[in-house]
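Fold and contact review
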Amino acid sequence: MTTYLVTGAAGFIGANFLKYIIGQHGDGINVIVLDALTYAGNLSSIKQEIDLPNVTFVKGDVKDHDLVKKIFAENDIDFVVNFAAESHVDRSIENPRLFLETNILGTQNMLDCAREAWLTGKDENGRPTYKAGKKYLQISTDEVYGSLEKDYDEAQPLHVSDELKKVIEGRRELTTFGKHFFTEETPLSPRSPYSASKTSADMIVMAYYHTYGMPVNITRCSNNYGPYHFPEKLIPLVIHNILEGKKLPVYGKGLNVRDWLYVEDHCKGIDLVLRRGTVGEVYNIGGFNEESNINIVHLIIDTIARIMRDEPRYQALLKCRLEDINYDLITYVTDRPGHDMRYAIDPTKIATRLGWYPETPFTVGIEKTVRWNLDNQQWIDSVTSGDYQQYYEQMYGNR
Ligand SMILES: NC(=O)c1ccc[n+]([C@@H]2O[C@H](COP(=O)([O-])OP(=O)(O)OC[C@H]3O[C@@H](n4cnc5c(N)ncnc54)[C@H](O)[C@@H]3O)[C@@H](O)[C@H]2O)c1
């Protein structure tokens, strides 16, 4: 029986990861979820999972040494997956300190507690030894690499090696906006308080590997999208505003380019790295899917308008007229300070070494995401009204 300690699993990617591992491994695993339930944590996203006998929810902070130590003392944890973080760049510009505390000190505390629990002694060279089969996985971001040039105004065909073609045969028509990509060897060059805090955390993780020989991996992913995404981020915000008939704010001219990864593809990659990744290695997990913000907004408008026309039952969700769902909803707002122009991650290493590739083409992923939002309005309403913050009290207040 493998026991996971998953931090931040009431957040967007963590919730999807919890669902993924339960779906994959069923009652062959135990999972402890540790989450502080900040504004970004929504317990109702994982309601079904935390009711399972093999899943335990602990409300608490990754920085709380006594609490995390107790979790390790009471459970034989095999895998730590550290999603818990402050994750929104705009918020990091407003309040950098919180980001440094959660993202750096929280990571260091999780590492310390794992090290204490897993340490068995020393080998003949005086190097620390650990219980077999243990691993600490840090969930990081492509933002640690900084920003790339955008060389083309329009997406161009992306040419990949023959070795890579064999792995990604299910994915055709790959495109790019530039000549250069982030690989695992790209020097770290963060530019926002958020990415600086994530970079520091990555360096602490690697320091624990080099100094203490701890069994660690780091995964660095591009922008995720999919179900249970908090509607302050671009894709769920645009979906929500279209249904509400509200304007769609786009930074600058909407020309910034990001690589987009369907969250379930990401979750598969994380579980693969946990189980098969080489200790001490970093793996980039990307979508082979660069897109400019403005093109994404266009695609979402077109997708929602089409679904509304083809399936009129969804029109009951609209607070505007169907004919008003068009590009006139877009409004350009002053750009974010230091807004990175392009991120493009190269996931060749995880593809060729572990056989993973991002299976979901963007149009398919966007359609799935739009449909999830249409079919889960209750979740969206509870998030946008703030009611989700009472959910913990309702569920656990009297226990
Ligand atoms: N969303 C993306 O596109 C993306 C891209 C690259 C990397 N990442 C990384 O993936 C991870 C998860 O991202 P997300 O989008 O799911 O984040 P999120 O903001 O949706 O969720 C974060 C979760 O962490 C919890 N949390 C925050 N502070 C905590 C603390 N001190 N102790 C315990 N729990 C705490 C929150 O309650 C929430 O449940 C983060 O580490 C983020 O940096 C995300």
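Look above for the structure.
First, a word on scope: everything that follows refers to the structure included in this document. Since we're looking at a predicted model, the values are computed, not measured. (Residues numbered from 1 in each chain as written. Predicted model: local features only at pLDDT ≥ 70, side-chain atom pairs only at ≥ 80, totals over all residues.)

Quick look at the overall build of the chain
Rule in force here: Here a helix means four or more residues in a row that DSSP labels H or I, a strand means two or more in a row labelled E, and each is numbered from the N terminus. Computation of the radius of gyration draws on C-alpha atoms, with the globule rule given as 2.2 Å multiplied by the number of residues to the power 0.38. Whether a residue is buried, exposed or partly exposed is read from the other C-beta atoms within 10 Å of its own C-beta, which are placed from the backbone; 20 or more gives buried, 12 or fewer gives exposed, and intermediate counts give partly exposed. Throughout, a residue-residue contact means that the two C-beta atoms, derived from backbone geometry, are no farther apart than 7 Å.
Regarding its fold elements, the chain presents 14 helices and 16 strands. For the chain, whose C-alpha radius of gyration is 21 Å, the value lies close to the compact-globule estimate of 21 Å for 399 residues. C-alpha extents for the chain along the principal axes are approximately 70 × 55 × 40 Å. Residues counted as buried form 43% of the 399 residues belonging to the chain. Put simply, 84% of the contacts in the chain that link residues at least 6 apart link residues at least 24 apart.

A few points about the site of the ligand
Under the convention used in this document: Here, nearness means that the C-beta atom of a residue, built from backbone geometry, sits within 6 Å of the molecule or strand in question. Gly counts as polar in this scheme, as do all residues outside two lists: the nonpolar Ala, Val, Leu, Ile, Met, Phe, Trp, Tyr, Cys and Pro, and the charged Asp, Glu, Lys and Arg.
If you check the shell around the ligand, you find 30 residues, and the closest are Gly8, Gly11, Ala40, Gly41 and Ala85. For the shell around the ligand, the elements supplying multiple residues, two or more each, are helix H1 (12–25), helix H5 (96–118), strand E7 (135–141) and strand E11 (223–225). Per-element accounting of the shell around the ligand gives the leading share, three residues, to H1. Looking at the shell around the ligand, its residues break down into 13 nonpolar, twelve polar and five charged.

What to know about the nonpolar core
We apply this condition: Only buried residues count toward a nonpolar core: Ala, Val, Leu, Ile, Met, Phe, Trp, Tyr and Cys, linked into one set through C-beta atoms within 7 Å.
Val6, Val81 and Ile300 are the most contacted members of the largest nonpolar core, which has 81 residues in total. Sort the elements by how many residues they give to this core and H5 lands first, with seven residues. Residues contacting Val81, with those up to four places away along its chain left out, are Tyr4, Val6, Phe17, Leu137, Ile139, Ile270 and Leu274. One finds Phe181, Phe182, Ala344 and Ile345 within the second-largest nonpolar core, a separate group that totals eight residues.

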